[in-house]
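Descriptive analysis of the structure
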Amino acid sequence: MAENPTLDNLSSEHRAFPPSPEFVKNAVADASLYQRAAEDRLGYWAERAREAITWHSDFTEVLDDSNAPFYRWFGDGKLNAAYNALDRHVEAGHGDRTALHFEGEPGDTASYTYAELTTAVKQAANAFASLGVGAGDRVAVYLPMIPEAVITMLACARLGAVHSVVFGGFSADALRNRIDDAEAKLVVTADGTWRRTKPSPLKPAVDAALEAPGHTVDNVLVVRRNAEPTAWVEGRDLWWHEVVPQASAEHTAQPFDSEHPLFILYTSGTTGRPKGILHTTGGYLVQTAVTHRDTFDLHPETDVYWCTADVGWITGHSYVTYAPLVNGSTVLLYEGTMDTPDRGRWWDLVQKYKVSIMYTAPTAIRTAMKWGREIPDAYDLSSLRVLGTVGEPINPEAWMWYREVIGANNGAGTDGKPGPRKEHPAPIVDTWWQTETGGHMIAPLPAVTATKPGSAQVAVPGISTDVVDEMGTPVGNGEGGYLVIRDPWPSMLRGIWGDPERFKETYWSRFETMYFAGDGAKKDEDGDIWLLGRVDDVMNVSGHRLSTTEIESSLVGHEAVAEAAVVGAKDETTGEAVVAFVILRGVDGDWPADISEQLRLHVGKDIGPIAKPKAVFVVPELPKTRSGKIMRRLLKDVAEGRAAGDSSTLADTTVMDQIAETMRG
Ligand code: 6R9
């Protein structure tokens, strides 16, 4: 791959933004962390574990690798996750600090101090226990982004019960499969939520999921959220408000083993049925808390932290619920979409709650970019001081927009003009990690790293990542290959629920002793890591490896393009051919009729003739999962002239029809 012209193209991105002196002065994490971790990796993690977590009984062993790849971390330590997220902050005198600001989509609000959230979780724990839930039992959670989602997760953790959160957008079938796989005995749900001002039901999917007999569920606990009429199964269904607030507010958290299961979270594999990724308690909390503090430069006394991810995804587990609360921070939780009641909603929330740390996905940034900067420019975003991204590679254009338009905003503008700018915009931290890794693995330290637009750059302290070739040999700087993780890490998955063989096969068989992440990556001339997308998204055109990400990035760099998705379609001569789907900025007629041809030439010029798409299709929408990932598989079907395959996990299932329609027309 060394002489690959297209992989080399990313090295044309040479901008770097060092931290400002004032940011460095007040930062919680400095370069000594890398130093310390390099000297003694396990000693480093032991120190961080004791700093971040209150252990009921201390551990003596940091890592047990005697049964690899089934690693154990802090194995003989005992702790309670909910105690760490709640009670200990109250005991330390922070009971009055706001733990959660909640804003519903219709504009209703609620807030919980640490003392109030602790009480709410104790009551929920007592209520769950009265329904027969105990340590080791599984609880399925099918809730919108409301405080009860966080309360439910922590109440399970408090009891040692294992939660399995299923994203509210999944179908009844998907929910049933997950309930069955985990053998859940309780389902916690809501009557519904709000989506774009309309009530959106949830409970009917639970009813449908449980219709066929043979399941393990005894009770369904239902939060009243939108108060729409709901079918009711007597004896099985219970209202949250009739059970939880009545429960005792006294509950003493029991310590559990560090390796006690904390949760299962299903994620899709490359093929076949979803994998139940298992996380346990001690190591997971240590690494998520430590990275949340370091990557976002968290000052829990003063920061207001907002992660826009849904609790149905790993980001919502690690960086909405567990790490922020374990760190005693103030968290904003927002129920709705970006554009309700209008496209300024997110920026209105930042202004209203004086959000200082914002963590979101590139797809959201590109959407905001598409809507135009006049929208965020009209708000005062001066409170923002750290900006994070996660979920997919971020193209340099979106990164720069995030920095300039959001991170440099120093007050609202008027008359459609931007307001004052900051001399030192908020640093951007691009965080690479996975459901399987539990917490951040590759990310800048904002007070140390000179950040580069589009790169996650360096492994976090104590983590050893590498980029290797087919044979597992590390590639040199300027070369591309497969991303691997060399050493076990505290928040690593402990397995796939009920399927140890699949765990070994999926992650540990490609390169024996190293974890195979499934992502392509490149080291630049400084040795910094650039993620290139899933290896299943890497195309091979005439023997050249081309990254979908790189071509998408080039397309989005053209002034006409708002969003782009690229796939490799089978081609008789070249093996695969590059086929691009783009959404244009503005309205119909803004661009010349031969815009597709112009875009082909643009990519050819930008990256090299080899990368020039064979076809560029202008489409109204791109098929995305509910977590915002583009489903290239479906586009590949279209590009290869087949009917699109299973599109049931799309956020909007009509998108493929719209695309087919456009291509016919
Ligand atoms: C946290 C999360 C994991 C996959 C991962 C990779 C992609 C995540 C990224 C990124 C480039 C980043 N990914 N973060 N790619 N840069 N900063 O998203 O978990 O839903 O399991 O997805 O997402 O391809 O392998 P998950």
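Above this text you will find the structure in question.
Here we summarise the structure given alongside this text. Note that the structure is predicted; figures quoted are calculated from it, not measured. (Residues numbered from 1 in each chain as written. Predicted model: local features only at pLDDT ≥ 70, side-chain atom pairs only at ≥ 80, totals over all residues. Heavy atoms only, no water.)

**What about the overall build of the protein?**
Tallying secondary structure elements over the protein gives 22 helices and 30 strands in all. By the compact-globule yardstick of 26 Å for 665 residues, the protein fits well, its C-alpha radius of gyration being 24 Å. Taken over the C-alpha atoms alone, the protein extends approximately 70 × 60 × 55 Å along its principal axes. Within the protein, the fraction of its 665 residues that count as buried is 61%. On the protein, roughly 24,600 Å² of surface is accessible, and the fraction owed to carbon and sulfur atoms is 50%. (Helix = DSSP H or I, 4+ residues; strand = E, 2+ residues; numbered from the N terminus. Rg over C-alpha atoms; globule rule 2.2 N^0.38 Å. Buried < 20%, exposed > 50% of the residue type's maximum accessible area, 1.4 Å probe, protein only. Areas by Shrake-Rupley, 256 points an atom, 1.4 Å probe, with all protein chains shown as cover.)

**So, the packing of aromatic side chains**
Evaluation of the coordinates by the stated rule reveals 31 aromatic pairs. Pairing Trp346 with Trp347 gives two aromatic rings, centres 6.3 Å apart and planes at 75°, and the pair type is edge-to-face. When its relative accessible area of 8% is taken as the criterion, Trp346 is described as buried. Between Phe503 and Trp508, the aromatic rings sit 6.2 Å apart at their centres with planes inclined by 70°, giving edge-to-face as the arrangement. Given a relative accessible area of 0%, Phe503 falls into the buried group. For Trp508, a relative accessible area of 9% corresponds to the buried category. One aromatic cluster in this structure is built from Phe70, Tyr71, Trp489, Phe503, Tyr507, Trp508 and Tyr515. The aromatic ring of Trp239 is capped on one face by Arg224, whose charged end is 5.6 Å from the ring centroid. Positioned over the ring face of Phe516 is Arg510, at 5.9 Å from the centre of the ring. (Phe/Tyr/Trp six-rings, centres within 6.5 Å; stacked < 30°, edge-to-face > 60°. Lys NZ or Arg CZ within 6 Å of the ring centre and 35° of its normal.)

**Quick notes on the sheet that holds strand 21 (residues 465-468)**
Within the open sheet, the 4 strands sit side by side as 21-22-24-25. Their pairing is antiparallel. Each end of this open sheet is capped by a strand with a single partner; those strands are strand 21 and strand 25 (529-534). Across the sheet, the mean angle from the axis of one strand to that of its neighbour is 45°, orientation sign disregarded. (Pairing = 2+ DSSP bridges. Axes fitted to C-alpha atoms, helices over the stretch in contact; angles between N-to-C directions.)

**So, the environment of Ser627**
With respect to the helices and strands, the residue Ser627 is situated in the loop between strand 30 (615-618) and helix 21 (632-639). Residue Ser627 is classed as partly exposed on the basis of its relative accessible area of 28%. Expressed as a C-alpha distance, the spacing of Ser627 and Trp313, which sit 314 residues apart in the sequence, is 7.5 Å.

**Regarding the packing of helix 12 (residues 282-295) against helix 13 (residues 314-326)**
Two elements in contact, helix 12 and helix 13, have axes whose closest approach is 9 Å; the angle formed by their N-to-C orientations is 85°. Classified by the interaxial angle, the pair formed by helix 12 and helix 13 is roughly perpendicular. The segment helix 12 lies against helix 13, with Tyr284, Leu285, Thr288, Ala289, Thr291 and His292 engaging His317, Ser318, Tyr319, Tyr322, Ala323, Pro324 and Val326. Here the contact of helix 12 with helix 13 is composed, by residue class, of 8 nonpolar, 5 polar and no charged. (Parallel < 35°, antiparallel > 145°, perpendicular 65-115°, else oblique. Contact = heavy atoms within 4.5 Å. Nonpolar A, V, L, I, M, F, W, Y, C, P; charged D, E, K, R; others polar.)

**Quick look at the sheet that holds strand 12 (residues 237-239)**
Here we have 8 strands laid out as an open sheet, ordered 12-11-8-6-7-14-15-23, and mixed in their pairing. Only two strands of the sheet have a single neighbouring strand rather than two, namely strand 12 and strand 23 (495-496). Both strand 15 (residues 275-280) and strand 23 contribute to a ladder of 2 bridges, which runs antiparallel. When the sheet's bridge partners are listed, Ile277 is paired in strand 23 with Ile496.

**A word on the nonpolar core**
Soluble globular proteins tend to pack their nonpolar side chains together in the buried interior. Grouped together as the largest cluster of nonpolar side chains are 137 residues, with contacts concentrated most on Phe128 and Tyr322. The dominant element in this core, judged by the number of residues it contributes, is helix 8 (residues 147-159), at 9 residues. Ignoring anything within four residues of it in the chain, the contact list for Phe128 reads Val133, Thr152, Ala155, Cys156, Leu159, Leu186, Val188, Leu221 and Trp240. The next biggest cluster of nonpolar side chains, apart from the first, holds 32 residues, and it includes Ala368, Met369, Tyr379 and Leu387. (Core = buried A, V, L, I, M, F, W, Y, C linked by side-chain atoms within 4.5 Å.)

**Thoughts on the site of the ligand**
Neighbouring residues of the ligand: 16 residues in total, closest Asp430, Thr431, Thr435, Asp519 and Arg534. The separation between an oxygen atom of the ligand and a polar side-chain atom of Asp519 is 2.7 Å. A breakdown of the residues in the shell around the ligand according to their chemical character gives 6 nonpolar, 5 polar and 5 charged. (Near = heavy atom within 4 Å. Polar contact = N/O pair within 3.5 Å; in protein donor to acceptor, adjacent residues only side chain to side chain.)

**Side note on unusual backbone geometry**
Residue Pro69 is reached from Ala68 by a cis peptide bond, and omega for that bond is 5°. Note on placement: Pro69 falls in the loop between strand 1 (63-64) and strand 2 (72-73). With an omega of 0°, the peptide bond running from Thr340 to Pro341 counts as cis. Its location among the elements puts Pro341 in the loop between strand 17 (330-334) and helix 14 (345-353).

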